[in-house]
Every structure is written in structure tokens, then in C-alpha cells.
Amino acid sequence: MPGDKGNLQKILESGAFSVSAEIGPPMSADANFVIKKASELKGIIDSANVTDNQTAVVRMSSIAASYLASVNGVEPVVQMTCRDRNRIAIQSDLLGAYALGLRNLLVLSGDHQCFGNHPQSKNVYDVDSIQLLGSLKRMKEEGVFMGGSKCKFPAEFFLGATVNPFADPEELQLIRLRKKIKAGAQFVQTQAIYDVAKFEEWMEKVRSLGLHKQAYIIAGIVVNKSLKSIEMTQLVPGMLVPDALVERMRAAGQGNYDSEGVSIALDLIAQLRKVEGVSGIHIMAIGWESIVPTLVEKSGFLPRPVIE
Amino acid sequence: MIIAEQKSIDEIISSLEGFKSAVVAACGTCVTVCMSGGEKEAIRLADALEIEAKSRGGCLKTSVTCPTRQCDMEFLDENEEALGSAECILSLGCGAGVQFLAEKFPDKVVLPGLNTEFIGVNRDIGYWTEMCQGCGNCMLAKTGGVCPVTRCSKSNFNGPCGGSSSGKCEIDPDTDCAWQLIYDRMKRLGRLDELLEINEIRDWRTSRDGGPRSVVREDVR
């Protein structure tokens, strides 16, 4: 039905703490890949982000994989980057996504194509992520396309954006977050948090600007399976992983890395859910999706609320 | 100015296959300044091509001429005789020069000797960087004199993407993040508040997306 709300929005609006994860579409046309992931997550999470050709590697489209997830019991958050489509293609695809019953949309710039498997390609960036949010808000509220013509039956997505609390310069990043929310972001997912103390400081600034009351702030975490994985994460630009956590992983010793990774993730979740202004948790279990049910269960998030 | 780089001898000599003579046409403006297509480079290239042709068992006769500008018909007219004196023309002008020569000599093959790179500046000896895309709707007043259309890898209009780190762009640690530069300038100028304003979606018709462009100035016609 037009205008009806998705599960994620209903949960957040009810004041309940949301729990979400990711479904990375396959680098193939294999529907069963998505169906299997969805079946593992059904009833465990409120929604799953379905990535849009992440790191610029060609994968099944976010919208197609989102649809497969939705008919297999997991509400998707469609992702749309500005890298690959101009405003005609973006709007067309999003009308289609909405027509298929998809209700959540996360808007991103998209990793530059130089990181992926088609570095030879042309990029688009006809609109940027803030412009896209603004345009989709206008479509929702005023029923108009970006070009100004009327849309009789607009797509009315629950709009999301991303933010990295640890990116520099902080002042500029906060300006950008304010712009994203002003443009139309209703929820904001953060980059993976390892340094809770630093995140608390950032949230204080977010709260002082009142941003947590204008958009739901959802804290992201990554769960690491090995020492190498947390060490690599520490090297990613814009990621802040305290040495103490890497040490903790190392101290656990070979053979115990996966259980220590879970233990670290559980501790982070426990701390993050207490931070004032945080409305939900988003678990990024890159390459280790099967661990999500364990994390959700051990965090005491089950059963997930059902809101009519 | 327009920055260009010479193509490899290999590519140029391949494109000249079958010709016995060629005029190497230099250009006296941008490509002279960026040392890729001036008279000096044309003479050096002409010699190199003759030697290369010989080493491949062929024979190529070259001559050199240097119009003041290849992008103005009056200078091509001035050099008409020299330019037309061989079987083909190898232009060391930018893409505009090559095409204008082709218009001037409809019955001759005109070949490019350079790759035209960008509109940019000279930062150091032998070091140029891109500054302008000629998008036809300059927004530098809003961004502290740093162009995000050109210098942000994603042409972001409203701030840095998540890939900006320590002032550098995600694509390359040697490339500055344009939005870091914009932030630094606006902060220094005490105009940071202006960055809160959302730059609305752009009308790209003023850029190449609107089709090939032309400028008609009645006041100077």
C-alpha cells in the first residue's frame, strides 16, 4: 500500500531499539544465495541492508536482492549509490523498488570504481548523496520528480544516510551530517565503532545539536573472526580500532579468535546500546553472517518486537 | 591552460604507416608552455620519427611548422603552404587543433601526436594538475575558490564522502581531498557557516552533457 510503513520505521518510531544486519548480494545471478542468507536472519533482525555493488565490485542489484530478501522474510534496506546511475536511472529504479514493496532506502556516495573489478569504468555522480536525499524527500512530500514534473504515485521511502563519527575534520563531518538530516535523512547509520569512548564524545556533540531527535542514530559494529581481520580493520582509513582491542584478540590465542571476536562484539553492543541518543545497532559481519543470530540472541534482543 | 602529453613513438609511428612524408605541426600556445607540442618538441619528434621509420625498414620524410595557434583559422591560413606540403599532418596541438586542421585540409589525413589531458596549472617543473572541467556554471564563489566538480573524485557538491582521510582522497594518498581544501579555505576566511547551505542538484546542460557547446558573442561579432 502506498504510504504504508516498513518494519524498521515502525520499530524506531515505537521507541524500541532496532537491530539490523547486512546481506551482501552475490557476485552472480544465484537467487538461492540471498534466499539462504535471508532464511538465517528471518525473525532475528528488524532489517538488513542490501548493498549496492559495494567496493565497486559488480554484484546482483540491491533492488533485486532486496526483493528476494523481502519475500523470504527479511525486511531489506535498499542501498543506492550515486556512482553508477544518473538521476533518470536512480528515480526509475527507485519507483520500481517501491512498487515491489520495498520501503527503506539508504543513500550513499559509493566507493570509487578504482577499488572494484571495473576500474576502467566511467562514473556518474550526476547527483550527490545529499542532493539525492533532498530530491527523494521532495518526491515524497510534494510528489515531484527531480526535473520538476509531477509524480502521481511517488515513492515514499524511509530515508537513511551514513556517517563516520571518526572521520576528519570533525567539524566538517558534523556540517555534512546536519546537511544530510536537513536534506531528508530520517535514520543515520554509523561507520563501525570500536572506540566507544570516542563515540560517546561524538554523540555528545550530536546531542548538543539536537540531531538525535531529528533522525534515528544507529550505531554500527563490525564483528571480527580472526586476529588478522581486526588488524586489517585497524588499517582501513577512517576506522578507529584501539590497540587494546587488537591486543585482547591477540591474547585470546590461536583457536580462540572467533569466540573472542564474538565476545568483543557483545561488549561493544552492550556499551553502545546505553549511549544516550542511540536508537539501534547495525551489525556488519563481513564474510561471517552466520554469527549474527548468536550476537543478537546473546545480547538479549530476542524475540524481536512486532509492531502493528 | 590545456595540458597535453606526447603519445608514444610507437603509437605515432603506427598511425603514420603507409605515409612517405608528414608535416609535424607544433602549436605556439598551451602545448608550447607545457612542453609537449611546441616547436622544440616538434623538431625533436620529427627527427625521432625519421630514425624510427628507418629502423623499421621504412622511410619517412618529415618537416616542421609552427602556427601561432592551431585553434584559430587565421594562423592556419598563414601556414597553409607549409602545412600542406606533405602527405599527411601530424598535429601537436590539443584535440581542438587536430580537428581544426582536419577542417582546414579536408583531403588530408590529420593525426594526433598528443593526448590532451585537462585544463590545469603548472605546480612545479614538469608537474601539472587538473583544476577545471569547463562545466559551464562556475560555483567557485561558494566553495572558497576550490572546484569540487573537478577536484573531488566524485564531484560531491555538499561535502566530503566517507573516503576522505587525513586530508587525502580515497583514490590515492597523493591526491588532496577537495573538500578538505574547501574546508580549510572557508575556515580561514571565516565563512564556514556558508558550507551549511545545501547546493541543490545541478543543471548539467551547461556542461558537455547538454551536447557539444558553442559560445556566440554578438558584442564582438
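Cut-off values and rules
Residues numbered from 1 in each chain as written. Chains lettered and ligands numbered in written order. Predicted model: local features only at pLDDT ≥ 70, side-chain atom pairs only at ≥ 80, totals over all residues. Heavy atoms only, no water. Helix = DSSP H or I, 4+ residues; strand = E, 2+ residues; numbered from the N terminus. Buried < 20%, exposed > 50% of the residue type's maximum accessible area, 1.4 Å probe, protein only. Polar contact = N/O pair within 3.5 Å; in protein donor to acceptor, adjacent residues only side chain to side chain. Contact = heavy atoms within 4.5 Å. Patch = residues over 30% accessible without salt bridge, like charges linked within 9 Å, V, L, I, M, F, W, Y side chains within 5 Å. Areas by Shrake-Rupley, 256 points an atom, 1.4 Å probe, with all protein chains shown as cover. Salt bridge = Lys/Arg side-chain N within 4 Å of Asp/Glu carboxyl O. Domains from an automatic or database assignment. Phe/Tyr/Trp six-rings, centres within 6.5 Å; stacked < 30°, edge-to-face > 60°. Lys NZ or Arg CZ within 6 Å of the ring centre and 35° of its normal. Pairing = 2+ DSSP bridges. Axes fitted to C-alpha atoms, helices over the stretch in contact; angles between N-to-C directions.

(A) Summary view of the side chain of threonine 143 of chain B. All names here are of chain B. As for its placement among the helices and strands, threonine 143 is situated in the loop between β7 (127-132) and α7 (148-151). The class for threonine 143 is buried, based on a relative accessible area of 0%. A distance of 2.8 Å separates the side chain of threonine 143 from the backbone oxygen of valine 146, its partner in a polar contact. The residues touching threonine 143, leaving out its near neighbours within four places in the chain, are Pro148, Trp179, Ile182 and Met186.

(B) Quick look at a nonpolar patch on the surface. The grouping of Tyr67, Val71 and Leu100 of chain A at the surface amounts to a nonpolar patch, some 250 Å² of accessible area in total. The residue valine 71 of chain A is located in helix α3 (residues 62-71) in this model.

(C) Seen up close, the domain arrangement of chain B. As far as domains go, chain B holds domain 1 (2-118) and domain 2 (133-199). Centre-to-centre separation of domain 1 of chain B and domain 2 of chain B, based on C-alpha positions: 38 Å.

(D) Geometry of the packing of aromatic side chains. Applying the stated criterion to the full structure yields five aromatic pairs over all chains. Summarising the aromatic geometry, the rings of phenylalanine 157 of chain B and tryptophan 204 of chain B are spaced 5.9 Å apart at their centres and angled 65° between planes, so their arrangement reads as edge-to-face. Here tryptophan 204 of chain B lies in the segment after α8 (178-188) and phenylalanine 157 of chain B lies in the loop between α7 and β8 (168-169), a separation of 47 residues in the sequence. For tryptophan 204 of chain B, a relative accessible area of 15% gives the class buried. When the ring centre of phenylalanine 17 of chain A is taken as reference, the NZ or CZ atom of arginine 273 of chain A above it lies at 6.0 Å. Positioned above the aromatic ring of tryptophan 204 of chain B is the side chain of arginine 202 of chain B, whose terminal nitrogen or guanidinium carbon lies 4.3 Å from the ring centre.

(E) Quick peek at the sheet that holds strand β3 (residues 61-65) of chain B. All names here are of chain B. Pairing within the open sheet is parallel, and its four strands lie in the order β3-β2-β4-β5. The open sheet has two edge strands with one neighbour each: β3 and β5 (109-112). For this sheet, the mean inter-axis angle between neighbouring strands, taken without regard to orientation, is 25°. With four bridges joining them, strand β4 (residues 88-91) and β5 adopt parallel strand pairing. Each bridged residue has a counterpart across the sheet, and for cysteine 88 the counterpart in β5 is valine 109. Each of β2 (21-25), β3 and β4 touches helix α3 (residues 39-55); the most contacted strand, β3, lies at about 175° to it. Across the sheet, helix α6 (residues 95-104) lies against β2, β4 and β5, angled at about 175° from β5, the strand it touches most.

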